[in-house]
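# Working through the structure, step by step
These are the residues of each chain, in order.
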Amino acid sequence: MLAGPDTWRTPPIPVGRHARRAPRRWGIRRKRSAASLQLAVCALGSRDGAVMEAARDIGTFVVWDYVVFAAMLLISAIIGIYYAFAGGGQQTSKDFLMGGRSMTAVPVALSLTASFMSAVTVLGTPSEVYRFGAIYTIFAFTYFFVVVISAEVFLPVFYKLGITSTYEYLELRFNKAVRLCGTILFIVQTILYTGIVIYAPALALNQVTGFDLWGAVVATGVVCTFYCTMGGLKAVIWTDVFQVGIMVAGFACVLIRASVVQGGMSTILNDSYSGGRLNFWNFDPNPLQRHTFWTIIIGGTFTWTGIYGVNQSQVQRYISCKSRFQAKMSLYINLVGLWAILICSVFCGLALYSRYQDCDPWTSEKVSAPDQLMPYLVLDILRDYPGLPGLFVACAYSGTLSTVSSSINALAAVTVEDLVKPRFRSLSERSLSWISQGTSVLYGALCIGMAALASLMGALLQAALSIFGMVGGPLLGLFSLGILIPFANSVGALVGLMAGFAISLWVGIGAQLYPPLPERTLPLSLETYGCNSTYNVTKLVATTEMPFSTSAFQMHDVVRTPLMDNWYSLSYLYFSTLGTLITVFVGTIISLMTGGRKQNLDSRFLLTKEDFLSNFNIFKKNKHVLNYKSHPMGDGGTDNPAFNHIELNFTDQSGKINGTRL
């Protein structure tokens, strides 16, 4: 039960284990007497003793935990095997990559939720809330704007063209060079991101079970690659449905047990209020502040629209639906899933703070990284319940499996549609299906290799969103140019893309090398005065001065310059905004300078008022169901009229193409 506003304003008088602490102001460290400090110093023990005592404080994995974890892996693999043979197996590349375009809204919606609510969310978001407060909850508004923009701006254009790869659109709208640039950027971005989400649960496993870190990395990649290669998109979507259930169950068991241990949800909220964690509203317009209302709403909308609106991993799912109405519904149902996972992860972060408000495991070196805090909490509060720690690790692992399999399937789709089909048009559908499976194996191996890079990138949540910002922003700008600006041409698109990518890469790499100062990131105080081992008290002074970035590439002992304190201190959420706006602005100017107004353009490549008005015609199914029999099935690239060897017919001089009928 949530505590009311009055309860938040007047925290209860501390009793029991809380008696050692008094309410304090937001983010301001409690002053302790010289006597208590002297007592703490006198009680210092050996470091080895402290570590062994910390190890005894939490539980360990038992047989039932391994059983639960193994069952999740086994069920995921069985789903892949089932769809490898169900209905005759993956006979064509369309079956493998698009599920035969026969999916319905609910499983696709759950798959969309699972794909990017990965282990980065399961481990990173609670840690984020623990260290920086619940302002992260503002992303709930961001998700709403992102889903509406994706469903009403990008989906109508992609769906009516009947494309498999979003980058096919770039050739239809611009030319092959633009398409190739977009494809390469997507492949690089996705492999980097997937490396991070493979590394995240391996980190959790290493922390809570003692599994070899890189053994877990390889195991993740192998399992994902197996069922993705065997069953194609249908296997990916239905394993996502199963795995999102595991994710919710894992969060639920942690929240329920934490609420019981801490004395109710009202206690958790009161502790969070006293510690300054309920900092929902910060309207500072300064773009250098890491998280404010404006950076999350504006920067977050651009970042996540780059994921949901134009990223192949997501678009491939909703255009696999059997009708455009089902595709839009999948996005709106997915919004509910996003909100549910966000609320769960934020409350887990608040529970983390309530539990460790006077003995921070990170500062006291009981864990080596903030992203290990959730596994630490799980083994702390669930140690008497065999199987539940395994359920949480399965939760984190499920997030990774869903995301990695989605990425591998999308990479295979982009490779086959954008790199193979245009150059080898004589390949049969069966051959293309085998090539799709082969590329899935190849990209699985590449993603495992890139996980090594993730181990050097520091905090996982920011690293993941930074990659999407640096690469996804310019790509979002490129698609926005094509869909929203009629006079944009190929020259403007290419120059705009390069300009946007160069600028966002500059600021992104600079921020990794020279991270913002603490006054920009606004970390909240972390205490260790309540730890059993008073060795940790010596760390008290440094807790709020720790920089957010823990990148291995970070430059130390460097004199700060205005460039570092301003340009490189830009909020990481604005990387995408910057890349998008520069791409659109430069692309527009160059297009006007190079005769963009003189080009003849098919209106199907643009967002039109008919696309919006068709929302009110949901009962006229013949206007929303694609007819794929309009193209011969013998040629490569038959889903896309741009690669059809049959000459397209023009009904009039306006250039309306009959290649794809709606």
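Residues numbered from 1 in each chain as written. Predicted model: local features only at pLDDT ≥ 70, side-chain atom pairs only at ≥ 80, totals over all residues. Heavy atoms only, no water.

As annotated in an unreviewed UniProt entry, the chain carries the name Sodium-coupled monocarboxylate transporter 1 and comes from Chrysochloris asiatica. Taken from UniProt, the Subcellular location (unreviewed entry) comment for the chain reads in full: "Apical cell membrane". As its UniProt record puts it under Sequence similarities (unreviewed entry), the chain is described as follows: "Belongs to the sodium:solute symporter (SSF) (TC 2.A.21) family." (UniProt positions renumbered as here; feature names shortened; annotations may be inferred.)

### Considering the overall build of the chain
Scanning the chain from terminus to terminus reveals 24 helices and zero strands. Taken across its 662 residues, the chain has 60% of its residues classed as buried. In the structure as shown, the chain presents an accessible area of about 25200 Å², 68% of it carried by carbon and sulfur atoms. (Helix = DSSP H or I, 4+ residues; strand = E, 2+ residues; numbered from the N terminus. Buried < 20%, exposed > 50% of the residue type's maximum accessible area, 1.4 Å probe, protein only. Areas by Shrake-Rupley, 256 points an atom, 1.4 Å probe, with all protein chains shown as cover.)

### Some remarks on the packing of aromatic side chains
Under the criterion given, the structure shown has 21 aromatic pairs. Geometrically, the ring pair formed by Tyr167 and Phe186 is tilted, given 5.5 Å between the ring centres and 40° between the ring planes. With Tyr167 in helix 9 (residues 166-173) and Phe186 in helix 10 (residues 176-209), the pair connects residues that are 19 residues apart, well separated along the chain. The buried category is assigned to Phe186, whose relative accessible area is 0%. (Phe/Tyr/Trp six-rings, centres within 6.5 Å; stacked < 30°, edge-to-face > 60°.)

### Topic: the pattern of salt bridges
Here the structure, examined in full by the defined rule, presents ten salt bridges. Arg290 is the salt-bridge partner of Glu128, the closest N and O atoms lying 2.7 Å from each other. Taken together, the positions of Glu128 in helix 7 (residues 119-132) and Arg290 in the loop between helix 12 (265-274) and helix 13 (293-308) put the pair 162 residues apart, joining distant regions of the chain. In this structure, the salt-bridge partner of Asp611 is Arg324, at a minimum N-O distance of 3.9 Å. Placement of the pair is Asp611 in helix 24 (residues 609-613) and Arg324 in helix 15 (residues 324-356), with a sequence separation of 287 residues. One exposure class covers both Asp611 and Arg324, and it is buried. (Salt bridge = Lys/Arg side-chain N within 4 Å of Asp/Glu carboxyl O.)

### Let's talk about the environment of Ser118
Examined against the element boundaries, Ser118 turns out to sit in the loop between helix 6 (105-116) and helix 7. For Ser118, a relative accessible area of 0% translates into the label buried. Sequence separation between Ser118 and Leu401 is 283 residues; the distance between their C-alpha atoms is 8.2 Å.

### Observations regarding the state of the cysteines
Applying the stated criterion across every chain yields a total of one disulfide. As a non-bridged cysteine, Cys253 has Cys395 as the owner of its nearest cysteine sulfur, 7.7 Å distant. Summary of cysteine pairing: Cys344 is not part of a disulfide, and the nearest cysteine sulfur, belonging to Cys348, is at 6.7 Å. (Disulfide = S-S within 2.5 Å.)

### Considerations on a nonpolar patch on the surface
On the surface, Phe141, Phe144, Phe145, Ile149, Trp281, Phe283, Trp294, Ile298, Trp339 and Ile343 cluster together into a nonpolar patch covering about 960 Å² of accessible area. Secondary-structure elements contributing two or more residues to the nonpolar patch are helix 8 (139-161), helix 13 and helix 15. Per-element accounting of the nonpolar patch gives the leading share, four residues, to helix 8. You can see Phe283 is positioned in the loop between helix 12 and helix 13. The partly exposed category is assigned to Phe283, whose relative accessible area is 46%. (Patch = residues over 30% accessible without salt bridge, like charges linked within 9 Å, V, L, I, M, F, W, Y side chains within 5 Å.)

### Remarks on helix 8
Its 23 residues place the ends of helix 8 32 Å apart at the C-alpha level, agreeing with the 33 Å of an ideal helix rising 1.5 Å per residue. Residue Leu155 marks the point of greatest curvature in helix 8, where the axis turns by about 50°; the proline Pro156 follows within four residues. Backbone geometry just downstream of helix 8 places Gly162 in the positive-phi region, at approximately 65°. (Expected span 1.5 Å × (residues − 1). Bend = angle between axes of the 7 residues up to and from the residue.)

### Some details on unusual backbone geometry
The bulk of non-glycine residues show a negative phi, and the bulk of peptide bonds are trans. Non-glycine residue Glu365 carries a positive phi angle of around 65°. Topologically, Glu365 is positioned in the loop between helix 15 and helix 16 (373-381).

### Regarding helix 20 (residues 490-513)
The first and last C-alpha atoms of helix 20 sit 34 Å apart over 24 residues, in line with the 34 Å expected at 1.5 Å per residue. Three or more residues of helix 20 are buried, namely Gly492, Ala493, Gly496, Leu497, Gly500, Ser504, Val507, Gly508, Gly510, Ala511 and Gln512.

### Quick word on the environment of Ile467
If you trace the backbone, Ile467 turns up in helix 19 (residues 460-484). Sequence separation between Ile467 and Leu192 is 275 residues, and the spatial gap between their C-alpha atoms is 7.5 Å.

### What to know about the confidence of the model for the chain
The predicted model of the chain has a mean per-residue pLDDT of 77, with 76% of residues at 70 or higher. No element of the chain has a lower mean pLDDT than helix 1 (residues 5-9), which averages 32, and none a higher one than helix 23 (residues 574-593), which averages 95. For residues 1-56, every residue scores under 50 in pLDDT, and the model assigns this stretch 79 contacts once sequence neighbours within four places are set aside. Low confidence marks residues 534-552, where pLDDT is under 50. Its contacts with residues over four positions away, or in another chain, come to 51 contacts. (pLDDT = per-residue confidence, 0-100. Contact = heavy atoms within 4.5 Å.)

### A closer look at the packing of helix 13 against helix 23
Where helix 13 contacts helix 23, the two axes come as close as 7 Å, and the packing angle between them is 55°. Between helix 13 and helix 23, the angle is such that the two are oblique. The way helix 13 lies across helix 23 gives a crossing that is left-handed. Contact residues: Trp294, Thr295, Ile298, Gly299, Phe302 and Thr303 in helix 13; Tyr574, Ser576, Thr577, Thr580 and Leu581 in helix 23. Taken together, the residues that form the contact of helix 13 with helix 23 break down as five nonpolar, six polar and no charged. (Axes fitted to C-alpha atoms, helices over the stretch in contact; angles between N-to-C directions. Parallel < 35°, antiparallel > 145°, perpendicular 65-115°, else oblique. Left-handed = near helix turned anticlockwise from the far one by under 90°. Nonpolar A, V, L, I, M, F, W, Y, C, P; charged D, E, K, R; others polar.)

### Here we look at the side chain of Ser364
For Ser364, the location among the structural elements is in the loop between helix 15 and helix 16. Here Ser364 falls in the buried class, since its relative accessible area comes to 5%. Here Asp360 takes part through its backbone oxygen, which lies 2.6 Å from a polar atom of the side chain of Ser364. (Polar contact = N/O pair within 3.5 Å; in protein donor to acceptor, adjacent residues only side chain to side chain.)

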